[in-house]
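# Chains, contacts and geometry: an overview
What follows is the residue order along each chain.
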Amino acid sequence: MFSLQLVVWSIVLVTSCSALDLTFPPEFKFGAASASYQVEGGWNVSDKTISVWDKLVHENPDAISDRSNGDVACDSYHLWQRDVEMAEELGLHFYRFSISWPRVLPTGYSNYISKDGRDYYNNLINGLLEKGIEPLVTIYHWDLPQNLQELGGWLNPLITDWFADYAKVLFSLYGDRVKTWLTLNEPMAMCDLTFNSGVMAPPLVVEDVGAYICNKNILIAHAKAWRIYDEEFKPLYNGQVSIANQLMWFEPLTPDDEDLAEAARENMGGRYSHPIYSKDGGWPPVIEKMIAEASEKRGYTKSYLPEFTQEELELIRGTFDFYAINHYTSRLIRHAEPGEELGPWPMGDAPHLNGKVLVNPKWSNGTSNWFSIYPEGLRRQLVWLKEQYGDMKILITENGYSSGVGLEDTARVNYYRDYLEQVLLAIKEDGVNVIGYTAWTLMDNFEWTDGYQSRFGLYEVDFDSPTRTRTPRASATYYKNIIKAHKLVKPNNVF
């Protein structure tokens with residue numbers, strides 16, 4: 001049934017978009033995404049070993065808002081066939097999922113490959129291909145084997161080789177069928193959110209230096225994996241590899257804050273992009289300068305942003321086939337007042353940049369406490385990437401809306417409509433080469449520290465049901481209609 005709110009919104013939208021061609025480019029692809037720990041369950045089946053997330057939720061359940069865990073989650077380990085059915089029902093061109101490192105390599109190393117782990121992903125990949133759906137595989141989406149964490153995890157430079165070995169195993173097992181790979185998902189969350197705030201697994205706060213050591217190690221790990229594929233597997237399979245960065249758009253609170261806003265964009269996006277995508281490589285110069293100044297103020301004898309050797313710089317630079325962006329939300333930023341208390345980067349403030357991060361009170365919010373809606377931020381972020389790194393292919397690998405339970409999710413429909421409109425504007429008016437869009441997420445899942453309280457799914461999951469029943473929401477119908485029409489249809493088509 002129509003709601004009055006949706007009718008009014010549709011009239012306003014049609015009026016504002018009347019001059020825009022709502023058709024997507026012919027080769028543009030639509031997908032949906034998930035991640036292994038968030039959906040698979042089966043945390044201790046067969047010979048799988050524990051991950052950093054298994055350890056966190058079992059030893060400190062209070063770290064999760066509803067004290068839940070991913071032990072069963074959506075039970076996709078057993079219900080993968082239903083996941084393939086959902087992807088087919090939506091008409092997806094591709095399904096992005098991640099592989100659990102400790103499920104495939106229980107020791108963390110390449111000396112032993114689990115037969116059950118290998119077969120699980122073989123079944124999922126083959127099931128998708130049988131339905132004409134491309135598998136897009138993320139090699140690492142945060143579930144690090146706990147035994148590697150006990151050796152230092154992403155703060156140990158040896159992990160760059162451990163990860164490269166892991167990636168080579170996956171390329172060998174699945175490269176004949178998987179043509180698009182993402183090495184790591186959201187290194188900003190893996191490094192900055194983890195080691196600055198301790199809210200993610202592993203729950204460690206390593207002030208000042210931790211995020212930057214992790215940052216460098218991740219870039220090297222990605223580069224080693226990319227070069228293995230490029231040299232050994234691309235000649236065989238002609239696939240493509242990238243890394244998925246989460247980018248939050250920063251708007252200046254006042255014109256005087258524009259330089260600070262640009263520094264914040266470089267601090268979130270540039271630190272994980274400039275070494276790979278820029279012509280010169282290395283850290284963004286503005287970040288090198290600001291971190292050096294912050295280090296000196298804190299009494300360090302040298303910058304805690306680690307330097308690249310020339311060999312490392314050359315190793316990392318150019319290791320991409322496209323740019324993968326996860327985007328959900330935006331922020332305002334201003335210069336901090338003298339003595340003003342600043343929270344940790346990135347979900348608090350920007351203390352190393354002396355910046356205070358704010359939310360525009362005019363923006364609406366999702367269920368997650370970090371989630372503010374500003375569709376124009378996605379377009380501006382896409383244009384920024386083009387301006388920074390040139391006319392490259394860009395794949396949106398995550399974008400979605402957090403809600404509560406319920407099948408008539410008008411707010412999510414509105415979110416997808418507004419953000420996809422901005423994607424079209426970026427393509428048609430700004431000339432950005434966006435090649436595809438990925439909805440987060442295919443189904444409700446374990447949403448990290450929010451547990452099951454934040455729902456992002458196109459399909460609602462009944463977590464009280466032994467069979468984890470999946471039911472399409474209104475947004476699933478809407479997204480299906482967009483894919484089928486290959487254009488941005490009016491939201492009222494969902495009813």
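Summarised in this report is the structure supplied together with it. Quantities reported herein were computed from a predicted structural model and do not represent experimental measurements. (Residues numbered from 1 in each chain as written. Predicted model: local features only at pLDDT ≥ 70, side-chain atom pairs only at ≥ 80, totals over all residues. Heavy atoms only, no water.)

## Some thoughts on the overall build of the chain
Assigned secondary structure in the chain consists of 16 helices and 13 strands. Taken against the 2.2 N^0.38 rule, which gives 23 Å for 495 residues, the C-alpha radius of gyration of the chain at 22 Å falls within 12% of a compact globule. Expressed along its principal axes, the backbone C-alpha trace of the chain runs to roughly 65 × 55 × 50 Å. A fraction of 76% describes how many contacts in the chain between residues 6 or more apart in sequence connect residues 24 or more apart. On the chain, roughly 18,700 Å² of surface is accessible, and the fraction owed to carbon and sulfur atoms is 51%. Separation between the mean location of the 44 positive side-chain charges and that of the 66 negative ones in the chain comes to 4 Å. (Helix = DSSP H or I, 4+ residues; strand = E, 2+ residues; numbered from the N terminus. Rg over C-alpha atoms; globule rule 2.2 N^0.38 Å. Contact = heavy atoms within 4.5 Å. Areas by Shrake-Rupley, 256 points an atom, 1.4 Å probe, with all protein chains shown as cover. Lys, Arg positive; Asp, Glu negative; His and termini not counted. Charge placed at Lys NZ, Arg CZ, Asp CG, Glu CD.)

## Comments concerning the sheet that holds strand 11 (residues 434-440)
Around the barrel, which closes on itself, the eight strands sit in the order 1-2-3-4-5-7-10-11 with parallel pairing between neighbours. Taken over all neighbouring pairs, the strand axes of this sheet differ in orientation by 25° on average, direction set aside. Summarising the sheet, strand 5 (residues 240-246) and strand 7 (residues 323-326) pair through three bridges and their orientation is parallel. Within strand 7, the residue paired with N245 across the bridge is I325. Its contacts with the sheet put helix 6 (residues 115-130) on strand 2 (94-98) and strand 3 (134-140), and the angle it makes with strand 2 is roughly 170°. Each of strand 1 (29-33), strand 10 (394-399) and strand 11 is contacted by helix 15 (residues 410-428), which is oriented at about 170° to strand 11, the strand it contacts most. (Pairing = 2+ DSSP bridges. Axes fitted to C-alpha atoms, helices over the stretch in contact; angles between N-to-C directions.)

## Concerning the sheet that holds strand 8 (residues 330-335)
A sheet is described by the order of its strands in space; here three strands give the open sequence 6-8-9, paired in mixed fashion. A strand with exactly one partner marks an edge of an open sheet, and here the two such strands are strand 6 (249-252) and strand 9 (355-358). For this sheet the average axis-to-axis angle between neighbouring strands, irrespective of direction, equals 40°. Strand direction decides the pairing type here: strand 6 and strand 8, joined by four bridges, are parallel. By the bridge assignment, F250 is partnered in strand 8 with R331. Contacting strand 6, strand 8 and strand 9, helix 11 (residues 258-277) crosses the sheet at an angle of about 170° to strand 6. Relative to the sheet, helix 14 (residues 376-389) contacts strand 6 and strand 8, its axis offset from that of strand 6 by approximately 100°.

## A word on the pairing of strand 2
Buried residues dominate strand 2, accounting for five of its five residues. Of the two faces of strand 2, the one lined by F94, R96 and S98 and the one lined by Y95 and F97 are each fully buried. Looking at chain direction, strand 1 and strand 2 are connected through three bridges and run parallel. Within strand 2, the residue paired with A33 across the bridge is R96. (Buried < 20%, exposed > 50% of the residue type's maximum accessible area, 1.4 Å probe, protein only.)

## A few points about the packing of aromatic side chains
According to the stated counting rule, one finds 50 aromatic pairs in the structure shown. Across the ring face of Y120, the terminal group of R103 is positioned such that the distance to the ring centre comes to 6.0 Å. (Phe/Tyr/Trp six-rings, centres within 6.5 Å; stacked < 30°, edge-to-face > 60°. Lys NZ or Arg CZ within 6 Å of the ring centre and 35° of its normal.)

## So, helix 8 (residues 159-174)
Across its 16 residues, helix 8 extends 22 Å between first and last C-alpha, which sits within 8% of the 22 Å expected from 1.5 Å per residue. Where helix 8 is buried, its residues touch helix 5 (101-104), helix 6, strand 3, helix 7 (146-149), strand 4 (180-185) and helix 10 (210-237). (Expected span 1.5 Å × (residues − 1).)

## So, the pattern of salt bridges
Tallying each qualifying case throughout the model produces 33 salt bridges. The partner of K234 in a salt bridge is D321, with the nearest N and O atoms 2.9 Å apart. Taken together, the residues K234 in helix 10 and D321 in the loop between helix 13 (310-316) and strand 7 connect sequence positions 87 residues apart. Given the relative accessible area of 17%, D321 is considered buried. (Salt bridge = Lys/Arg side-chain N within 4 Å of Asp/Glu carboxyl O.)

## So, the nonpolar core
Judged by nonpolar contacts, the single largest core of 154 residues is most densely connected at W53, W101, W154, F163 and W181. The element contributing the most residues to this core is helix 10, with 12 residues. When residues no more than four places from it in sequence are discounted, the contact partners of W154 are W101, Y140, L144, I159, F163, L184, M190, I213, C214, N217, I218 and A221. In this structure, F94, L182, F322 and A324 belong to the second largest nonpolar core, which totals seven residues. (Core = buried A, V, L, I, M, F, W, Y, C linked by side-chain atoms within 4.5 Å.)

## A short note on the state of the cysteines
As enumerated under the stated definition, the model contains one disulfide in all. The side chain of C191 participates in a disulfide bridge whose partner is C214; the two sulfur atoms lie 2.1 Å from each other. The S-S bond linking C191 to C214 shows a torsion near -70°; that makes this disulfide left-handed. One end of the pair, C191, is in helix 9 (residues 187-197); the other, C214, is in helix 10, and 23 residues separate them in sequence. Accessibility assignment for this pair places C191 and C214 in one class, buried. (Disulfide = S-S within 2.5 Å.)

## Digging into the side chain of R468
Tracing the backbone shows R468 in the loop between strand 12 (459-461) and strand 13 (470-472). Here R468 is buried and forms no salt bridge, its nearest opposite-charge partner D75 lying at an N-O distance of 6.8 Å. Within polar-contact distance, the side chain of R468 engages the backbone oxygen of F463 at 3.4 Å. Of note is the side chain of R468, whose polar atom sits 2.9 Å from the backbone oxygen of S465. (Polar contact = N/O pair within 3.5 Å; in protein donor to acceptor, adjacent residues only side chain to side chain.)

## Some thoughts on the pairing of strand 8
Counting buried positions along strand 8 yields five of six residues, so the element is predominantly enclosed. Relative to strand 9, strand 8 is paired through four bridges, and the arrangement is antiparallel. When the sheet's bridge partners are listed, H335 is paired in strand 9 with G355.

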